[in-house]
Amino acid sequence: MFFSLQFRLELKREDKEKLIKLMRKQSSAIRVAYNMLKELEKEKTKNPHIQIYHRLRQLFPDLPTKYIDSAIYKAKQYPTDKPVVFGGKRLFEKLCKNHLTGKAREKLKKQWRELRQGTLISIGSKSDKGNRLMRFEDLNGQLCLRITTGNREFIYAKSLDESFQGICPL
């Protein structure tokens, strides 16, 4: 069973910078994994996961292992037989038309970058008793999302969505 949650988070400035950096790294890892999948599929390589994993480990040495595995999982969801535009095809086409200038173009470019680099995927497993990298925790009666950013380094994000307040999964 899969759950996908989407809600707004409140972060401290330094935590937000760490999270954005982590999201950019994983987004890059997803794109590299996708391109490697396309190449390895042409070569008819068996078990490309291991080769992709080792390559991503070299390129992103400070990215936690589970984020790399999640990046490979996400890359496998995209079709390899046709071109994929990360960040959204419609926005990319609007940017390519060059009909906008100034603030309107910058706003569109920012929106496209956020879609392209603004996701963080972490897949849990039954053997890990859920998701090791992202967990909900109760901190002083406030539901927070604990996000692992590195080796035993965490940031805590409060939910701005009222429907998540008062819920304690522990």
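What this report covers is the structure whose coordinates are included nearby. (Residues numbered from 1 in each chain as written. Predicted model: local features only at pLDDT ≥ 70, side-chain atom pairs only at ≥ 80, totals over all residues. Heavy atoms only, no water.)

A closer look at the packing of aromatic side chains
The full count for this structure, using the stated rule, is four aromatic pairs. Aromatic pair Tyr 34 and Tyr 78: ring centres 6.1 Å apart, planes at 80°, arrangement edge-to-face. With Tyr 34 in helix H1 (residues 13–42) and Tyr 78 in the loop between helix H3 (65–76) and helix H4 (89–96), the pair connects residues that are 44 residues apart, well separated along the chain. Overall, the relative accessible area of 26% leaves Tyr 78 in the partly exposed class. Ring geometry for Tyr 78 against Phe 86: centres 5.0 Å apart, planes inclined by 75°, an arrangement best described as edge-to-face. Classification of Phe 86 by relative accessible area gives buried; the value is 13%. Counting every residue linked through ring pairs, the aromatic cluster contains Tyr 34, Tyr 78 and Phe 86. (Phe/Tyr/Trp six-rings, centres within 6.5 Å; stacked < 30°, edge-to-face > 60°. Helix = DSSP H or I, 4+ residues; strand = E, 2+ residues; numbered from the N terminus. Buried < 20%, exposed > 50% of the residue type's maximum accessible area, 1.4 Å probe, protein only.)

Some points on the layout of surface pockets
As a volume, the second largest pocket reaches approximately 220 Å³. Lining the second largest pocket are Pro 64, Thr 65, Lys 66, Arg 132, Leu 133, Arg 146, Thr 148, Gly 150, Asn 151, Arg 152 and Phe 154. Of all elements in the fold, only H3 and strand S3 (142–150) reach the threshold of two or more residues within the lining of the second largest pocket. Element by element, the count of residues in the lining of the second largest pocket is highest for S3, at three residues. Residues that form the lining of the second largest pocket fall into these classes: three nonpolar, four polar and four charged. (1 Å grid on protein atoms, 1.4 Å probe; cavity = no way out; pocket = protein on both sides within 12 Å on 5 of 7 lines; lining within 4 Å. Points joined across faces, edges and corners; volume = space filled by probe spheres on them. Nonpolar A, V, L, I, M, F, W, Y, C, P; charged D, E, K, R; others polar.)

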